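Descriptive analysis of the structure
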Amino acid sequence: MIKGAIYSIKQALRQGFRNKGMTLASVFSITAMMLILALFFFLSVNVSYLTENIKDQFGTIEVFLKDDTTSTQAANMIDSFKDMPGVETAGYISKEKAMEEFKARWGDKAYMLDGLSENPLPNSIRIILSDLETGDFIATTAASLPGVEDVRFYREEVSKVIKISNGIQNGALVVIIFLVIISVVVVSNTIKLTVMARQDEIRNMRYVGATNWFIRGPMFFEGIIIGCIAAIISIVLSSLIYTRLCDALGTQAFQLFTASLVEPKFLITNIIWIFLALGISIGAFGSILSMRRYLKA
Amino acid sequence: MIDFKNVSKVYADIVALKNATLHIDQGDFVFVVGPTGSGKSTFIKLIIKEIEPDEGEIIVDGKNLSKMSNRDVAMLRRDIGMVFQDFKLLENKTVFENVSFAMEVVHSTKRAINRQVPQMLSVMGIDDKAKNYPSELSAGEQQRVAIARAIINNPRILIADEPTGNLDPDTAWEIMQLIELVNKRGTTVVMVTHAKDIVNRMNKRVVAIDQGEIIRDSREGEYGFDD
């Protein structure tokens, strides 16, 4: 079994080298396909990451309290919010804590806030929602309570972002599936040409008693090798592109939502395994498809 | 060794083989003769299970061909050497590689290949051509390579389909002597041929087929057709 696999891999390498032109063309096509695929993958992951961030940041209701609202009143309000459906949690945010958060969000420019003679931020109650749909009711209820100055809830904006995000992710998924199918067809065509070029050899193999897998093994591995090489090249290239993109945009990207791009290290570590598995699968499936059609027993 | 029991094969409307019954013993040397299109090639294709009979039963080396899986067919063919009129050598492989290739298929070790292939080329009288490509050889030399490849794995049966068809009479006779040598080592030989002189000179068993029917089976026969 192992001996057979080693023989097949050797033959696959020899065959791939002999048909350099075709092998390179296939590797190039699949690499291009996988690169586009990587970009859509990056887009999809980042959109998903951004959406989660937005949900975290805006799936909340900020209830600003009047300066004269007592802590007992605030505690009562918190208890009543906690009992409402769709509320994950509710907590008191003092004006000091609010300032700390504000400074943290401003990062290295936070020193600008040091010039303020007095903290202008109000005390507030932060309600984190488990279900955005209930937000409107809670926000309206909160606004009508005595001791409440203002209520901030961006339901429509969040819903819009989620809708756009889902659209982008579904679109990316369709493109990814389409590209995978094209890649399988490219490998399948390469193997088909291999089968055609080796017709005499294959017939002779059959005459001297080669088993089906002895004949198919090298072609199966040829497909896998092509898929693997394309995967490795596209991993390297897409990682470089993404790292450069992150360097260029830095933390400035999406500052509106105080979210940045997904860490290159995290994404690249994941893409290595995903793309290697994808390359191997594309190669194996393309080979099998071609062999089933052109290399019947 | 080879048994045909009421075997028939029809292609569209053409009867290639009709109710053929035949027994070939281990070690036999059988010429299969007949006019073009008489069914000789069908007979050979049926033995190596390249095609299936429409009716009847074929038993080769004790195995019923109708009950074989793809893997069993591969194993069967390891016991059958094949030689063709057009040699069917691989043009991009050297003489050595053309022969060693047959051993690789049956998973022989590199050591066994390096020992047996030169020996076989020597028996065939082409040991000095090991590194040559088929296109650099004469027709006779190419057929010697083909025979070497066919018998390198010690098959129990050698099927030869017009092996002298592309050769001049002297070379054809040399090839026949090699095939007879193979037969003397105990290999059953089934040879399809149009070479009247060779059949008459060899004085072996002759099975004559015409229009898909076995019309003659003689122990020490002659060619018997006018072509």
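Reading the values: rules and limits
Residues numbered from 1 in each chain as written. Chains lettered and ligands numbered in written order. Predicted model: local features only at pLDDT ≥ 70, side-chain atom pairs only at ≥ 80, totals over all residues. Helix = DSSP H or I, 4+ residues; strand = E, 2+ residues; numbered from the N terminus. Contact = placed C-beta atoms within 7 Å. pLDDT = per-residue confidence, 0-100. Expected span 1.5 Å × (residues − 1). Buried ≥ 20, exposed ≤ 12 C-beta atoms within 10 Å, placed from the backbone. Arc of directions from axis to C-beta. Nonpolar A, V, L, I, M, F, W, Y, C, P; charged D, E, K, R; others polar. Pairing = 2+ DSSP bridges. Axes fitted to C-alpha atoms, helices over the stretch in contact; angles between N-to-C directions. Parallel < 35°, antiparallel > 145°, perpendicular 65-115°, else oblique. Left-handed = near helix turned anticlockwise from the far one by under 90°.

Time to look at the overall build of chain A. The helix and strand inventory of chain A stands at 9 helices and 4 strands. Moving toward the C terminus, one meets the helices and strands of chain A in the order α-α-β-α-β-α-β-α-β-α-α-α-α. A fraction of 86% describes how many contacts in chain A between residues 6 or more apart in sequence connect residues 24 or more apart.

As a further point, take the confidence of the model for chain B. On average, residues of chain B carry a pLDDT of 89, and 98% of them reach 70 or more. Taken over the whole predicted complex, pTM reads 0.66, whereas the ipTM for its chain interfaces reads 0.80.

To continue, consider helix H4 (residues 110–123) of chain B. Since the α-helix turns once every 3.6 residues, residues separated by three or four places project in the same direction. All names here are of chain B. Between the first and last C-alpha of H4 there are 20 Å, a value that for 14 residues agrees with the 20 Å anticipated at 1.5 Å per step. Among the residues making up H4, those that are buried are Val117, Met120 and Leu121. Each buried residue of H4 lies within a common arc of 95 degrees when the element is viewed along its axis, so the set occupies one face. Within H4, the exposed residues directed more than 90 degrees away from the buried face are Arg111, Arg115 and Gln119. Buried-residue contacts for H4 involve helix H3 (95–105) and helix H5 (139–151).

Next up on the list: the interface of chain B and chain A. Counting residues at the interface gives 13 residues for chain B and 14 residues for chain A. Only helix H2 (70–77) and H3 of chain B provide two or more residues apiece to the side of chain B that touches chain A. Per-element accounting of the side of chain B that touches chain A gives the leading share, 5 residues, to H2 of chain B. Split by residue class, the side of chain B that touches chain A holds 7 nonpolar, 2 polar and 4 charged.

Quick look at the sheet that holds strand E9 (residues 205–210) of chain B now. Residue and element names in this part refer to chain B. Reading across the sheet, the 6 strands line up as E6-E7-E8-E3-E9-E10 and stay open at both edges, with mixed pairing between neighbours. Among the strands making up the open sheet, the edge pair consists of strand E6 (80–84) and strand E10 (213–218). Each strand of the sheet is rotated relative to its neighbour by a mean of 15 degrees, with strand direction disregarded. Relative to strand E8 (residues 188–192), strand E7 (residues 157–161) runs parallel, the two sharing 5 bridges. Counted as the bridge partner of isoleucine 157 is threonine 188 from E8. Contacts from H5 reach E6 and E7 within the one sheet, and its direction differs from that of E6 by about 165 degrees.

The subject of this paragraph is the packing of H5 of chain B against helix H6 (residues 169–184) of chain B. Residues and elements named next belong to chain B. At a minimum axis distance of 10 Å, the contact between H5 and H6 shows a crossing angle of 15 degrees. Classified by the angle their axes make, H5 and H6 are roughly parallel. Regarding H5 and H6, the two cross each other, and that crossing is right-handed. Residues Ala139, Gly140, Gln143, Arg144, Ile147 and Ile151 of H5 form the contact with H6, whose own contacting residues are Thr171, Glu174, Ile175, Leu178, Ile179 and Val182. Class assignment for the residues of the contact of H5 with H6 results in 7 nonpolar, 3 polar and 2 charged.

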